[in-house]
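Structural description and commentary
The primary structure of each chain is shown beneath.
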Amino acid sequence: MSIATDTSTRRPAADAPGWSPVCPLERLEPERGVAALVDGAQVALFRTGDELFALDNLDPIGGAYVLSRGIVGSRGGTPTVASPLHKQVYDLRTGACLDLPGVAVPRHDVRCRDGLVEVRLRREG
Amino acid sequence: MTGGRVVVVGNGMVGQRFTEALRARDTGRRWQVTVLAEERRPAYDRVRLSAFFDGVSAEELNLHTPDDGVELRLGEAATAIDRERRVVVTAAGEHPYDAVVLATGSYPFVPPVAGRDLPGVFVYRTLDDLEAIREHARGRRVGAVIGGGLLGLEAANALRLLGLATHVVEFAPRLMPVQVDEAGGAMLRRYVEELGVTTHLGVATTALRPGADGAVAALELSDGRTVDAELVVVAAGIRPRDDLARAAGLELGPRGGVLVDATCRTGDERIWAVGECAAVDGVCHGLVAPGYATAEVVADRLLGGAATFPGADTATKLKLLGVDVASFGDAHGTTEGSLDVTFTDPATRSYAKLVLSDDATTLLGGVLVGDASAYPTLRASVGGPLPAAPLALLAPAGGAAAGAGALPGSAQVCSCNAVTRDDIDAAIAGGCADVPALKACTRAGTSCGSCVPMLKQLLDAAGVKQSTALCEHFDLSRQELFDVVRVRGIRTFSRLIAEHGRGRGCDICKPVVASILASLGTGHVLDGERASLQDTNDAYLANLQRDGSYSVVPRIPGGEITPEKLIVIGQVAQEFKLYTKITGGQRIDLFGARVDQLPQIWRRLVDAGFESGHAYGKALRTVKSCVGETWCRYGVQDSVGLAVALELRYRGLRAPHKLKSAVSGCARECAEARSKDFGIIATDTGWNLYVGGNGGFRPRHADLFATDLSTAELIPLIDRFLMYYIRTADRLQRTAAWIEAMEGGLDHLRAVIVDDSLGLCAELEAEMARHVAGYSDEWRDVLDDPERLRRFTSFVNAPDVPDPSITFAVERGQPVPAGRARPVAAAAAPDGEAPARRRQPVTLGLPEVRR
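As a starting point, this report considers the structure included with it. A quick note: this is a predicted structure, and the numbers were derived from the prediction, not measured.

Things to note about the interface of chain A and chain B
Contacts between the two partners involve 34 residues from chain A, matched on the other side by 39 residues from chain B. Each partner contributes to the roughly 3,100 Å² buried at the junction of chain A and chain B, and carbon and sulfur atoms together form 53% of this total. Of all residues in chain A, A:Arg32, A:Arg69 and A:Ile71 bury the most surface against chain B, accounting for 24% of the area lost on that side. Here B:Arg504 and A:Glu31 are joined by a salt bridge, their closest N and O atoms 3.2 Å apart. Between the two partners, chain A and chain B, sit 13 residue pairs in polar contact (both at pLDDT 80 or more). Looking at the side of chain A that touches chain B, the elements that each hand over two or more residues are β1 (20-24), β2 (32-38), β3 (41-48) and β5 (71-75) of chain A. Class assignment for the residues of the side of chain A that touches chain B results in 19 nonpolar, eight polar and seven charged.

Observations concerning the sheet that holds strand β14 (residues 216-221) of chain B
Residues and elements named next belong to chain B. Pairing within the open sheet is antiparallel, and its three strands lie in the order β13-β14-β15. Both edges of this open sheet fall to β13 (205-210) and β15 (226-228), since each of them pairs with a single strand only. Taken over all neighbouring pairs, the strand axes of this sheet differ in orientation by 25° on average, direction set aside. Direction of pairing for β14 relative to β15: antiparallel, over a ladder of three bridges.

Describing the packing of aromatic side chains
Two aromatic rings, taken as a pair, are described by how far apart their centres are and by the angle between their planes. Evaluation of the coordinates by the stated rule reveals eleven aromatic pairs over all chains. Ring centres of B:Tyr540 and B:Phe792 lie 5.7 Å apart, and the angle between their planes is 85°; this geometry places the pair in the edge-to-face category. Here B:Phe792 lies in the loop between α26 (786-789) and β38 (808-811) and B:Tyr540 lies in helix α17 (residues 536-540), a separation of 252 residues in the sequence. Pair check on accessibility: B:Tyr540 and B:Phe792 agree, each one buried. An angle of 75° between the planes, with centres 5.6 Å apart, marks the rings of B:Tyr579 and B:Phe591 as edge-to-face. Placement of B:Tyr579 in strand β31 (residues 579-582) and of B:Phe591 in strand β32 (residues 588-593) is noted, with a sequence separation of twelve residues between them. The partly exposed category is assigned to B:Tyr579, whose relative accessible area is 21%. Sitting over the face of the ring of B:Tyr540, A:Arg69 holds its NZ or CZ atom 5.9 Å from the ring centroid.

Rules of the game
Residues numbered from 1 in each chain as written. Chains lettered and ligands numbered in written order. Predicted model: local features only at pLDDT ≥ 70, side-chain atom pairs only at ≥ 80, totals over all residues. Heavy atoms only, no water. Contact = heavy atoms within 4.5 Å. Buried area = accessible area lost by both parts, 1.4 Å probe. Salt bridge = Lys/Arg side-chain N within 4 Å of Asp/Glu carboxyl O. Polar contact = N/O pair within 3.5 Å; in protein donor to acceptor, adjacent residues only side chain to side chain. Helix = DSSP H or I, 4+ residues; strand = E, 2+ residues; numbered from the N terminus. Nonpolar A, V, L, I, M, F, W, Y, C, P; charged D, E, K, R; others polar. Pairing = 2+ DSSP bridges. Axes fitted to C-alpha atoms, helices over the stretch in contact; angles between N-to-C directions. Phe/Tyr/Trp six-rings, centres within 6.5 Å; stacked < 30°, edge-to-face > 60°. Buried < 20%, exposed > 50% of the residue type's maximum accessible area, 1.4 Å probe, protein only. Lys NZ or Arg CZ within 6 Å of the ring centre and 35° of its normal.

Following this line, the structure appears as structure tokens:
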């Protein structure tokens, strides 16, 4: 969690976002999500077991920024989060909705370096 | 003639059924229906008449639902049918017809004995009769029933329930002579006498004698004895009401009744007869199932159908004076060459008889007394091969052992609604996967309910597994999980899923386990790992709204609040710009709070003496109350005091579903207590407790559970009720569904929590005592703990930034979520075909609210 790491990972250009530091890893509670503001975008971060996931915080069905407040779990072997609004379940790895074909939430890159959680926005489409 | 004006004479069970059947089939509204009802009450369930003395209200017995295609004229009896002018005449006028359906039923037969007109002598036919009986019974000690048949024994039970010492006088040498044979009658008599009812068999009543006050005081019997009785109910049989038809010149049956053919039509092609007044091919049927069958036949015929009367199912099963009695098919073995197999068990005090064909292969009928569990299977097997060896069938619980799977497709599973096994199998093949679905789809099990166990068996036989597994992570049901957690002392989800489940859990099992742990009093719901199990409402101790904001509901026990507290709520709402609404549960809901505002709002509320209202939890919500005797002119008890006490006692109690309650201070029921999971209504002498009601999707009135309780008797009963519910209900199962699904229903519940049949009561009360003692306000606990408070931020990396997605517009002077059009994706959800909802502009044409 050194300052040097922080500066070296700041995003290099507006159209190619880089890694943004968000918070220390211990601020993410196991098996829960939190919301973060990254470059003005709302990102839902999840920590399950040893893994970190990042999705858009916007529930595409309900239209509210609440996915980070869903219940984390699994379906088959897939790590999931269930929207707190109407309980549709999303694949934490891909953002695909497992209940409604064709519905998906944008996902983002996330990693932990030196105890610090970092997010890189993916702006597809 | 398949349209025009049809006049239905009579609004009893069968007349009502005819009207419903016609309206259901007559989709083109070809018939305009007028119903002439002699009674002032619309149709009610006469089969369950006696339940009136068990606390069931007249309203609950009601069978009538308003229908704008039917003109129901209550209290207007038909006096004549003018067939030439085609009008039905009443005291109020004339009703022209294209068709008449006579549904006049029957009247009680009163033998011509001296004194039959004395005050205190009643028949047992209408709710008015029952009310008159109850009135006369007040302050009297001894009653007698003339007639030991089905109705007579029901009347005897009614007199018992009214607190009278009861005699039954029956002319035949046994009770229920029509349905039961000699040995069955003897068994029945033992049961009845043990209940304190004195029977006088093989004797007739020769006269009724008055006492000093002019009312009946004694019965004189044909053997010379005298029986003292201050109230007499005559239940000596019924006669068809055919006077209207007789006067109109229609032909009658050999023993009375309006003569009709198998199409239920009289000699006049425009006049039909249904139910007990109809002599179908000369024979009258005094039971509701054949009556319903005639109603269906005529409804079909009036619309051009070709239905004919299928023959009468005379099977009966009753719980008379708490004794199961069933009789079906050729109960008396009148078929030539028939064989009897009988079984008498003095230990279980049950008697059973099967009547078989001369080659012992075909079941013709039977009698069951004491244990009638085999009745549904046996009745449905009449006319077909035996589903098992006779002795196996007759052994205790034999019917269940034999199973419905052996029944032929044509066997009638539900005789009340003429539903065959083929009908049930077709519904199962069509996707009905449980009993409620089968009931809704086929009507089977919706009348007397005796076939419900068979519906379960047929689902099993069709291979429909009704799994109790909670979700893919646990094979256990909620009840089993509760027991595992309690017995093994497991206190964490991770240990529970490691030892008894698989995977990581999900939004189904995690909140269930969270609720179980909370019910068992394992500490704050947001502590440690438990925080990750909570549904979002519990996770933020507030109710998530559509825009991602939350609402806040402070507890206002019983709806009683001081002006000072009201002002604080107003100030908080003003300061945080919250939308304010008084809820259906007598509280004030504050909407539009962001996650990061919740602690600040609650700081203000807690400082002013408020605590969490648990509006966010599957927990006790409110106990509503009316004003009660303190202020109300009608109130007979302190409903507010009790509501406050109950709400405080059970606050914070987590359950499989939300729980609501109410207390009404008198029978006017201003608190709507009967629409609650448990409701209390004051009486002159105490409290009546009702359980299993709810509003919501399928509204249901609560059932009367116990009467005239003191407060000290009431509280332990509610304690046990709630704890037993919490222990044994399924996930998200409200109390109504829980009781309905229970084997034995309300009787079972009463046995467990009143009679302590499982020996659980002390334990249940102790668990509740633990809950009450361990309660602490969840919000106060959060505000006192910086660790817990840290979660209440909109963004982990920007704790001071409010969520920019939450914005408000103004409607009627208050904030509401801005931009309420649903996002595009909603149009595709949830099944792809539902069109996007269009919000109706309610302000159009309405006056502006002045401010």
